[in-house]
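# A closer look at the structure
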Amino acid sequence: MKILLATQKPFAAAAVAGIREIVEGAGHELVALEKYPEQADLVAAVADVDAMIIRSDKVTAEVLDAAKQLKIVVRAGAGYDNVDLAAATAHGVVVMNTPGQNSNAVAELAIAMMIFMARTQFTPATGTEIQGKTVGIQAFGNVGRLVGQKAAALGMKVKAIDPFLPAEKIVEGGAEPAKDLEDLYATCDYISVHIPATPETIGSIGYDLITKMPQGATLVNTARKEVIDEAGLEKALEARPDLKYVTDVMPDNYAVLQEKFGLRVFATPKKMGAQSKEANVNAGLAAARQIAGYFETGCTRFQVNK
Ligand code: NAD
């Protein structure tokens with residue numbers, strides 16, 4: 001089988017070498033398309049491939065139409081909103097992600113962001129400590145759970161909510177279940193957002209929720225920019241000069257937010273949550289193994305378009 005590694009933002013060389021070893025070791029061919037300047041390059045590269053490993057690369061209906069032999073796409077990472085799932089399903093293409101492989105990197109960043117904002121973006125102003133404060137984890141998946149564990153180790157109280165997990169699972173994961181989302185926002189000094197971007201979650205965090213947060217609270221978003229209602233966020237920061245927002249997914253209105261709110265807002269210049277050497281290698285190798293496994297045994301354990 002011919003497997004395309006399509007990475008506009010390439011993996012580190014060690015990860016590519018590991019991917020190649022797994023793919024070739026399983027008797028397949030690996031071709032790489034890295035740092036491609038145009039989406040048209042991706043469309044042109046997929047004509048005769050049987051499988052694809054991607055990162056934030058956009059697998060659109062146009063890509064799927066052009067990929068006549070394609071059987072499987074694996075997104076090396078957690079979020080898969082860059083793949084047109086309906087089109088993939090219509091083409092009979094299996095789509096998988098590699099859950100958990102980059103979670104630690106993202107969780108460490110979320111904790112770092114809390115401390116960065118507590119200490120006024122590392123300026124000499126007197127800041128606060130996170131020990132003794134309460135963090136609310138919105139969605140207790142792979143990343144959320146790890147943020148909870150790390151926060152607890154730093155002396156924080158941890159609350160969480162996840163509509164797809166019973167309260168016992170949240171307790172087992174070391175957090176106190178919040179009554180509902182409003183309760184989480186109203187009772188936590190930090191909210192760490194870990195919901196996926198779906199039709200239900202897009203724009204779901206806005207003025208009403210944000211202004212429920214207690215005095216001096218900080219909203220931390222390492223999930224997706226789309227889950228925030230940006231106009232609502234701006235209005236909330238205006239109405240509540242004590243609130244802060246820090247994110248790994250830069251809002252479209254960031255320039256305005258910076259101008260209006262200065263050190264109360266911060267966005268990383270480019271999404272970097274999963275950008276650790278370890279996460280790169282883990283996610284890339286997992287994607288290669290999942291493709292080899294799919295062709296060998298038909299395993300669809302991590303399929304997201306079932
Ligand atoms: P995950 O799939 O392990 O966990 C997601 C959790 O969200 C699950 O527990 C699920 O029950 C819950 N959920 C699903 N639909 C929901 C809904 N409609 N409302 C509320 N909760 C819902 O994913 P993860 O690995 O923990 O990652 C979380 C998100 O973080 C990803 O979806 C991705 O968008 C983002 N992410 C960002 C980076 C980065 O570089 N900043 C890296 C990895 C992941």
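Residues numbered from 1 in each chain as written. Predicted model: local features only at pLDDT ≥ 70, side-chain atom pairs only at ≥ 80, totals over all residues. Heavy atoms only, no water.

## Re the domain arrangement of the chain
Looking at the assigned domains, one finds that the chain contains domain 1 (2–101 + 275–297) and domain 2 (103–267). Taking only C-alpha atoms, the centre of domain 1 and the centre of domain 2 are 31 Å apart. Listed by partner, the interface residues are eight residues for domain 1 and five residues for domain 2. A buried area of about 430 Å², summed over both sides, lies between domain 1 and domain 2, and 40% of it is on carbon and sulfur atoms. The tally of links from domain 1 across to domain 2 stands at two residue pairs in polar contact (both at pLDDT 80 or more). Taken together, the residues of the side of domain 1 that touches domain 2 break down into two nonpolar, four polar and two charged. (Domains from an automatic or database assignment. Contact = heavy atoms within 4.5 Å. Buried area = accessible area lost by both parts, 1.4 Å probe. Polar contact = N/O pair within 3.5 Å; in protein donor to acceptor, adjacent residues only side chain to side chain. Nonpolar A, V, L, I, M, F, W, Y, C, P; charged D, E, K, R; others polar.)

## Side note on the nonpolar core
Core analysis: the largest hydrophobic core is formed by 29 residues, its most contacted members being Val-193, Ile-205 and Leu-219. For this core, the secondary-structure elements that each account for two or more residues are helix H8 (181–187), strand S9 (190–193), helix H9 (207–210), helix H10 (230–239), helix H11 (254–261) and strand S12 (265–267). Excluding its chain neighbours within four sequence positions, the residues that come into contact with Ile-205 are Gln-138, Tyr-185, Val-193, Ile-195, Ile-210, Leu-219, Val-227, Ile-228 and Asp-229. Judged by nonpolar contacts, the second largest core, of 25 residues, contains Met-117, Ala-151, Val-158 and Ile-170. (Core = buried A, V, L, I, M, F, W, Y, C linked by side-chain atoms within 4.5 Å. Buried < 20%, exposed > 50% of the residue type's maximum accessible area, 1.4 Å probe, protein only. Helix = DSSP H or I, 4+ residues; strand = E, 2+ residues; numbered from the N terminus.)

## Some details on the sheet that holds strand S5 (residues 94–97)
An order of S2-S1-S3-S4-S5 is seen for the five strands of this open sheet, with the pairing classed as parallel. Two strands bound the open sheet, and with one partner strand each, they are strand S2 (29–34) and S5. Each neighbouring strand pair of the sheet contributes to a mean axis angle of 20 degrees, computed without reference to strand direction. Sitting on the sheet, helix H1 (residues 13–25) touches strand S1 (2–7), S2 and strand S3 (51–54), and the angle it makes with S2 is about 150 degrees. (Pairing = 2+ DSSP bridges. Axes fitted to C-alpha atoms, helices over the stretch in contact; angles between N-to-C directions.)

## Thoughts on helix H6 (residues 142–153)
The end-to-end C-alpha distance of H6, which contains 12 residues, comes to 17 Å, matching closely the 16 Å that a straight helix rising 1.5 Å per residue would cover. Along H6, the residues classified as buried are Val-143, Gly-144, Val-147, Gly-148 and Ala-151. Projected down its long axis, H6 carries its buried residues within an arc of 140 degrees, all on one side. Against the buried residues of H6 lie helix H5 (103–118), strand S6 (134–138), strand S7 (157–161) and S9. (Expected span 1.5 Å × (residues − 1). Arc of directions from axis to C-beta.)

## Observations regarding the sheet that holds strand S10 (residues 218–221)
The strands that make up a sheet pair up through hydrogen bonds in the backbone, lying either parallel or antiparallel. Pairing is parallel across the open sheet formed by seven strands, whose spatial order is S8-S7-S6-S9-S10-S11-S12. Both outer strands of the open sheet, strand S8 (176–177) and S12, are each paired with one neighbouring strand and no more. Note that S10 and strand S11 (residues 244–247) share four bridges and pair parallel. When the bridges of S11 are listed, Thr-218 appears paired with Lys-244.

## Some points on the pattern of salt bridges
Following the criterion strictly, the structure yields 11 salt bridges and no others. Here Asp-50 and Lys-71 are joined by a salt bridge, their closest N and O atoms 2.7 Å apart. Taken together, the positions of Asp-50 in the loop between helix H2 (39–45) and S3 and Lys-71 in the loop between helix H3 (61–66) and strand S4 (72–75) put the pair 21 residues apart, joining distant regions of the chain. On the accessibility criterion, Asp-50 (10% relative accessible area) is buried. Residue Lys-71 is classed as partly exposed on the basis of its relative accessible area of 28%. The partner of Glu-172 in a salt bridge is Lys-169, with the nearest N and O atoms 3.7 Å apart. Remark: Lys-169 and Glu-172 occur in helix H7 (residues 167–172); sequence separation between them is three residues, near one turn of the helix. The class for Lys-169 is partly exposed, based on a relative accessible area of 37%. (Salt bridge = Lys/Arg side-chain N within 4 Å of Asp/Glu carboxyl O.)

## Observations regarding the site of the ligand
As a matter of local geometry, the ligand sits amid 23 residues, with Asn-142, Val-143, Asp-162, Thr-222 and Asp-248 nearest to it. A distance of 3.4 Å separates an oxygen atom of the ligand from a polar backbone atom of Gly-141. Between Val-143 and the ligand, the recorded distance is 2.8 Å, taken from a backbone N or O atom to an oxygen atom. When the ligand sits alone it has 850 Å² of accessible area, and the protein chains cover 84% of it. By residue class, the composition of the shell around the ligand is 11 nonpolar, seven polar and five charged. (Near = heavy atom within 4 Å. Areas by Shrake-Rupley, 256 points an atom, 1.4 Å probe, with all protein chains shown as cover.)

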